[in-house]
Amino acid sequence: MAYPFVVTGLAQTLFPAQAHGSLIFRDGKVVGSILIGQSFSDPVHFWSRPSATGPMSNNAAASSGSNQGPMNPALTDLVKARVADLRAADPSNIAVVPVDLVTASASGLDPHISLAAAQYQLGRVATARKLSPQAVQALIDQNTQRPLLGILGAPVVNVLQLNLALDAHSSHGNSN
């Protein structure tokens, strides 16, 4: 019984934020965790990966994948519908839709999108917020997590952190 208490005590002493869920606070209230994805659907925010959790999106109590393989017609239909929704939200965007915007992660809770997925959404968000593309790009750059040691993994963007940075930028009356 001593082992769990020692490990918990060390974790809370050495890594207090991580031991308590890596929570993000705004104005004294918890707005989320950097570890759990959140759904965004309004045009002024970047959108997360689709979530496969149930009974609602990004349900941390029900982490799971969809278990639909690439040969499953239901997955094909779902991806086609998601691509159509993205195209409808930004009809002038003719770029290839990044795969992570139309498929769920294995856990269904991924808080990150690829840099390509952020770039794909840049025009829609900039237009909706009446910001210059350069201003939105700067926020993407500031919120991009680079690969570990420069080689392990790909650059990713935490959607919640990026959207909070956008909200803070817009609330300060910045338009460029």
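Re the overall build of the chain
Here comes step 1: Within the chain, the secondary structure is distributed over six helices and five strands.
Here comes step 2: Within the chain, the proportion of its 176 residues that are buried is 35%.
Here comes step 3: Taking all contacts inside the chain whose residues are at least 6 apart in sequence as the whole, residues at least 24 apart take part in 57%.
Here comes step 4: For the chain, the accessible area works out to roughly 10,300 Å², and carbon and sulfur atoms hold 64% of it.

Overview of the pattern of salt bridges
Any two side chains of opposite charge can pair, on the condition that their charged atoms come close.
Here comes step 1: Across all of its chains, the model carries two salt bridges by this definition.
Here comes step 2: The partner of Asp110 in a salt bridge is Arg49, with the nearest N and O atoms 3.7 Å apart. Of the two residues, Asp110 sits in the loop between α3 (73–89) and β3 (112–114) while Arg49 sits in the loop between β2 (29–33) and α3, which places them 61 residues apart along the sequence.
Here comes step 3: Residue Asp110 is classed as partly exposed on the basis of its relative accessible area of 22%.
Here comes step 4: Measuring nitrogen to oxygen at the nearest pair gives 2.6 Å for the salt bridge that ties Asp167 to Arg129. Here Asp167 is found in helix α6 (residues 159–171), whereas its partner Arg129 is found in helix α4 (residues 115–129), with 38 residues between them in sequence.

Observations regarding the layout of surface pockets
Here comes step 1: The calculated volume of the largest pocket comes to roughly 340 Å³.
Here comes step 2: If you go around the largest pocket, you meet 14 residues; those closest to its centre are Phe40, Trp47, Ser48, Pro50 and Leu101.
Here comes step 3: The class makeup of the residues in the lining of the largest pocket is five nonpolar, six polar and three charged.

Quick look at α6
Here comes step 1: The first and last C-alpha atoms of α6 sit 18 Å apart over 13 residues, in line with the 18 Å expected at 1.5 Å per residue.
Here comes step 2: Residues of α6 that are buried include every one of Val159, Leu160, Leu162, Asn163, Leu164, Ala165, Leu166 and His169, and no others.
Here comes step 3: At its buried positions, α6 is contacted by β1 (23–26), β2, β3, α4, α5 (133–142) and β5 (156–158).
Here comes step 4: Capping of α6 at its N-terminal end is provided by Asn158; its side-chain oxygen lies 3.2 Å from the backbone amide nitrogen of Leu160.

Comments concerning α5
Here comes step 1: The set of residues buried in α5 consists of Ala135, Val136, Leu139 and Ile140. One face of α5 carries all of its buried residues, which in axial projection span an arc of 145°. Among the exposed residues of α5, those oriented more than 90 degrees off its buried face are Gln134 and Gln142.
Here comes step 2: Against the buried residues of α5 lie α4, β4 (144–145), β5 and α6.

Observations concerning the nonpolar core
Here comes step 1: The biggest cluster of nonpolar side chains holds 26 residues, and the ones touching the most others in it are Phe46, Leu86, Leu101, Ile113, Val136 and Ile140.
Here comes step 2: Of all elements in the fold, only α4, α5 and α6 reach the threshold of two or more residues within this core.
Here comes step 3: Once residues lying within four places of it in the same chain are set aside, the contact partners of Phe46 are Phe40, Ala118, Gln121, Leu122, Arg124, Val125, Val136, Ile140, Val159, Leu162, Asn163 and Leu166.

A word on the packing of aromatic side chains
Here comes step 1: Inspection of every chain in the model, using the stated rule, returns zero aromatic pairs.
Here comes step 2: The lysine or arginine in question, Arg124, covers the ring of Trp47, its NZ or CZ lying 3.8 Å from the ring centre.

Some points on the confidence of the model for the chain
Here comes step 1: Residues at a pLDDT of 70 or more form 88% of the chain, whose mean pLDDT is 86.
Here comes step 2: Considering each helix and strand of the chain separately, the mean pLDDT is smallest for helix α2 (residues 16–19), with a value of 67, and largest for α5, with 97.

Focus: unusual backbone geometry
Here comes step 1: Notably, Asp27 is not glycine yet its phi reads approximately 55°, a positive angle.
Here comes step 2: Relative to the helices and strands, Asp27 is located in the loop between β1 and β2.
Here comes step 3: Positive phi, normally seen in glycine, also occurs at Lys130, with a value near 60°.
Here comes step 4: Relative to the assigned elements, Lys130 resides in the loop between α4 and α5.

Basis of the calculations
- Residues numbered from 1 in each chain as written.
- Predicted model: local features only at pLDDT ≥ 70, side-chain atom pairs only at ≥ 80, totals over all residues.
- Heavy atoms only, no water.
- Helix = DSSP H or I, 4+ residues; strand = E, 2+ residues; numbered from the N terminus.
- Buried < 20%, exposed > 50% of the residue type's maximum accessible area, 1.4 Å probe, protein only.
- Contact = heavy atoms within 4.5 Å.
- Areas by Shrake-Rupley, 256 points an atom, 1.4 Å probe, with all protein chains shown as cover.
- Salt bridge = Lys/Arg side-chain N within 4 Å of Asp/Glu carboxyl O.
- 1 Å grid on protein atoms, 1.4 Å probe; cavity = no way out; pocket = protein on both sides within 12 Å on 5 of 7 lines; lining within 4 Å.
- Points joined across faces, edges and corners; volume = space filled by probe spheres on them.
- Nonpolar A, V, L, I, M, F, W, Y, C, P; charged D, E, K, R; others polar.
- Expected span 1.5 Å × (residues − 1).
- Polar contact = N/O pair within 3.5 Å; in protein donor to acceptor, adjacent residues only side chain to side chain.
- Arc of directions from axis to C-beta.
- Core = buried A, V, L, I, M, F, W, Y, C linked by side-chain atoms within 4.5 Å.
- Phe/Tyr/Trp six-rings, centres within 6.5 Å; stacked < 30°, edge-to-face > 60°.
- Lys NZ or Arg CZ within 6 Å of the ring centre and 35° of its normal.
- pLDDT = per-residue confidence, 0-100.

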